[in-house]
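Secondary and tertiary structure notes
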Amino acid sequence: MQNRTYTADAEPGDSVTVAGWVHEVRDLGGIAFLILRDKSGKIQIKLEKDEMDEELVETGLDVARESVVSVSGDVKEEPRAPTGVEVVPEDIDVMAEADTQLPLDPSGKVDAELSTRLDNRTLDLRKDEVKAVFEIRAEILRSVRDAFRGLNATEINTPKIVATGTEGGTELFPITYFGQEAFMNQSPQLFKQLMVGSGLERVFEVGPIFRAEEHNTPRHLNEATSIDFESAFFDHTEAMDACEHVVKAAYEGVAENCQRELETLGLAEEFEVPEGEFPRLTYEEAIERINATGELDEQLVWGDDLPTEGERALGEDVGEHYFITDWPSEIKPFYIKDHDDDETLSTGFDMMHPRMELVSGGQREHRFEHLVAGFEQQGLDPDQFEYYTKMFKYGMPPHAGWGLGGERLVMTMLGLDNIREAVLFPRDRQRLSP
Ligand code: AMO
């Protein structure tokens, strides 16, 4: 529709064609109002029964809610209209009639269960507050891409169908690939590392990761969006600096460009861009502080992974984004480098929001012999990863990087209860369609 005007751009004095969905029809007797909704907002269409063409008025009155219509007419100032203007129609064209029985009420007057909403995402995203989440998600991705480019990182895309997994064997989704066993990739880890040894040096990727996690929780998905970064000649502290920069850039982008969406979500007042440096706690300090909260039944000891309740207690204690550094080597993956002066300590780090983990990263093992030994220690067959390990023989620079969960960033930024709210079509134990 070449001549279509967004409802938000309709100014008094204009002759326009607006198009969108019938939000509601309010019949007040002699006069009726059709409220038309599009991406930009809503506009009132006036229907005067005695003054206007009978057929035109009837079309406007009879059309079912959520039908798609286009309306041509003149825009007039009308202080009593919700947006201060209204359209006096000359023509109403019903482009797609909607059923009168809707599986979900897009006006939001009737609440729907999350599962009903996810089954009917198209209708669900006609609600301003749901649409706002995805406009903000898009802004977050735009801002992080900008921030990465500002760091001179090159955007890459790596395969999602792979021959071997890297992030733990039980969480792999097997598929068949022309009769051969293959898997959905759990992360771009090995590929992004291979690229720091290429001429690209510093790279990032925004793409899907697949995890066959058994547990169904409000913060796990089986298909998630990972925001990955990897840089040659970086150590873990420089990688943490980059991580902090990129996460802040996402908040700044939303603060600058999504005021309307934040207002829709009731967050405009409280929304804050994180300030100052994120505190960096060592793993040892972290477990001491968790133990000191007295929230856990059993005290944590060196080598324990942090349980969810522990993360929560520590998050409340710290009260802002923070890093946990210097993890025990034994609980970090084989590709993470140990400290040179203490092999029991790794350069691995996590970046946490008070509610949950957002990022894992670290400096990588770039020395061939150490890398191969690490595979064996983790029970992986180095021969299967020869495509990766052999590149470490041909000049692989020291490097570091991280992976940030895209949905968790959206979820924590907006205070969403369930990670599924941050995905259009989530994949979880129960959900493979739509
Ligand atoms: P990790 O497995 O910790 O590290 O993943 C990195 C971040 O991705 C997000 N994430 C998930 N989000 C939702 N559902 C899931 N099932 C899920 N799994 C992970 C989390 C997590 O912090 N290769 C390393 C990263 C690196 O070292 O560069 C990795 O994948 O926010």
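Since this is a predicted model, take the numbers as computed values, not measurements.

Turning to the site of the ligand, a few remarks are in order. Surveying the vicinity of the ligand reveals 22 residues, the closest of which are Gln189, Lys192, Glu357, Ser360 and Arg364. In the model, a nitrogen atom of the ligand is placed 2.9 Å from a nitrogen or oxygen of the Glu213 side chain. A total of 620 Å² of accessible area belongs to the ligand in isolation, and the protein chains cover 93% of it. For the shell around the ligand, the elements supplying multiple residues, two or more each, are α5 (189-196), β17 (356-363) and β18 (399-405).

It is at 8 Å that the axes of helix α4 (residues 128-150) and helix α6 (residues 236-257) come closest, and there the two elements cross at 130°. Accordingly, the angle class assigned to the pair α4 and α6 is oblique. Considering only the axes of α4 and α6, their crossing is right-handed. Taken together, the residues of α6 that come into contact with α4 (itself represented by Ile136, Glu139, Ile140, Arg142, Ser143, Val144, Ala147 and Phe148) are His245, Val246, Ala249, Ala250, Gly253, Val254 and Asn257. Among the residues making up the contact of α4 with α6, the classes are represented as nine nonpolar, four polar and two charged.

Our next topic: the pairing of strand β8 (residues 173-177). Two faces make up the sheet, and in a regular strand the side chains alternate between them. In this sheet, strand β9 (residues 180-184) lies alongside β8 in antiparallel orientation, the contact comprising five bridges. When the bridges of β9 are listed, Phe173 appears paired with Met184. Count of turn residues in the β8/β9 antiparallel hairpin: two residues, of which Phe178 carries a positive phi of about 50°.

Moving on: the domain arrangement of the chain. Annotation of the chain at the domain level lists domain 1 (7-96) and domain 2 (122-279 + 320-422). Between domain 1 and domain 2, the C-alpha centre-to-centre distance is 47 Å. Listed per partner, the contact involves eight residues of domain 1 and five residues of domain 2. The interface formed by domain 1 and domain 2 holds three salt bridges in total. The salt bridge involving Glu66 is made with Arg126; its shortest N-O contact spans 3.0 Å. Scanning the region where domain 1 abuts domain 2 turns up three residue pairs in polar contact (both at pLDDT 80 or more).

The next subject is the nonpolar core. Across soluble globular proteins, nonpolar side chains have a tendency to be buried as a group. Within the largest apolar cluster, 51 residues are counted, with the highest numbers of intra-cluster contacts made by Ile140, Phe148, Trp402, Leu409, Met413 and Leu414. Counting only elements with at least two residues in this core, the list comes to α4, β10 (202-210), β11 (223-232), α6, β16 (349-353), β17, β18 and α12 (406-414). At ten residues, the largest contribution of residues to this core is made by α6. Core analysis: the second largest hydrophobic core is formed by 20 residues, Val16, Ala32, Val63 and Val71 among them.

This brings us to a nonpolar patch on the surface. On the surface, a nonpolar cluster with roughly 370 Å² of combined accessible area is contributed by Ile161, Tyr177 and Phe178. For Tyr177, the location among the structural elements is in strand β8.

What follows concerns the UniProt feature "binding site: Mg(2+) 2" (unreviewed entry) in the chain. The positions that UniProt labels "binding site: Mg(2+) 2" (unreviewed entry) are, in the present scheme, Glu357 and Ser360. For Glu357, the position within the fold is in strand β17. Side chain to side chain, Glu357 and Ser360 meet in a polar contact 3.2 Å long. Locating Ser360 in the fold gives a position in strand β17. Residues within four places of Ser360 in sequence aside, it is in contact with Lys332, Phe349, Asp350, Trp402 and Gly403. At 3.3 Å, the side chain of Ser360 forms a polar contact with the side chain of Asp350.

Taken together, five strands build a closed barrel; the order of strands is β1-β2-β3-β5-β4 and the barrel is mixed. Within the sheet, the average angular offset between the axes of one strand and its neighbour, ignoring direction, is 50°. Strands in contact with helix α1 (residues 54-62) are β1 (15-27), β2 (31-38), β3 (41-48) and β5 (85-96); relative to β5, the strand with the most contacts, it is inclined by about 75°.

Cut-offs applied
- Within each chain, residue numbers correspond to sequence positions counted from 1 in written order.
- Per-residue local features of the predicted model are confined to residues with pLDDT of at least 70, and side-chain atom pairs are confined, for both listing and counting, to 80 or more; whole-chain, interface and lining totals are unaffected and use all residues.
- Only hydrogens and water are set aside; all other atoms, that is, all heavy atoms of the structure, feed into the side-chain values.
- Note on terminology: near, applied to a residue and a molecule or strand, indicates that one of the residue's heavy atoms is within 4 Å of it.
- Pairs of N or O atoms within 3.5 Å make up the polar contacts considered here, provided that, within protein, one atom can donate a hydrogen while the other can accept it, and that residues adjacent in sequence are counted only when both atoms are side-chain atoms.
- Under the convention used here, a 1.4 Å probe and the Shrake-Rupley method define accessible areas, while residue burial counts only the protein chains that appear.
- Note on conventions: DSSP H or I runs of at least 4 residues are helices, E runs of at least 2 residues are strands, and numbering of each starts at the N terminus.
- To get an axis, fit a line to the C-alpha atoms, keeping to the stretch in contact for a helix; angles then go from 0 to 180 degrees between the N-to-C directions.
- Orientation is classified from the angle alone, with under 35 degrees giving roughly parallel, over 145 giving roughly antiparallel, 65 to 115 giving roughly perpendicular, and any other angle giving oblique.
- It is the rotation of the near helix from the far one that decides the hand of a crossing: anticlockwise by less than a right angle makes it left-handed, clockwise makes it right-handed.
- Contacts are residue-level and defined by heavy atoms, with any inter-residue pair within 4.5 Å sufficient.
- Residue polarity is assigned by list, with Asp, Glu, Lys and Arg as charged and Ala, Val, Leu, Ile, Met, Phe, Trp, Tyr, Cys and Pro as nonpolar; anything else, Gly included, falls into the polar class.
- Two strands qualify as a pair provided that DSSP identifies no fewer than 2 bridges between them.
- Note: domain ranges come from an automatic or database domain assignment.
- Put simply, a salt bridge is a Lys or Arg side-chain nitrogen that is within 4 Å of an Asp or Glu carboxyl oxygen.
- Each nonpolar core is a collection of buried residues, namely Ala, Val, Leu, Ile, Met, Phe, Trp, Tyr and Cys, held together in the definition by side-chain atoms within 4.5 Å.
- For the exposure calls, accessible area comes from a 1.4 Å probe over protein chains only, and a residue counts as buried if that area is under 20% of its type's maximum, exposed if over 50%, partly exposed in between.
- Patch construction takes residues with relative accessible area above 30% that form no salt bridge. Like charges are linked within 9 Å, and nonpolar side chains (Val, Leu, Ile, Met, Phe, Trp, Tyr) are linked within 5 Å.
- UniProt positions are given in the numbering used here, feature names are shortened, and annotations may be inferred rather than shown by experiment.

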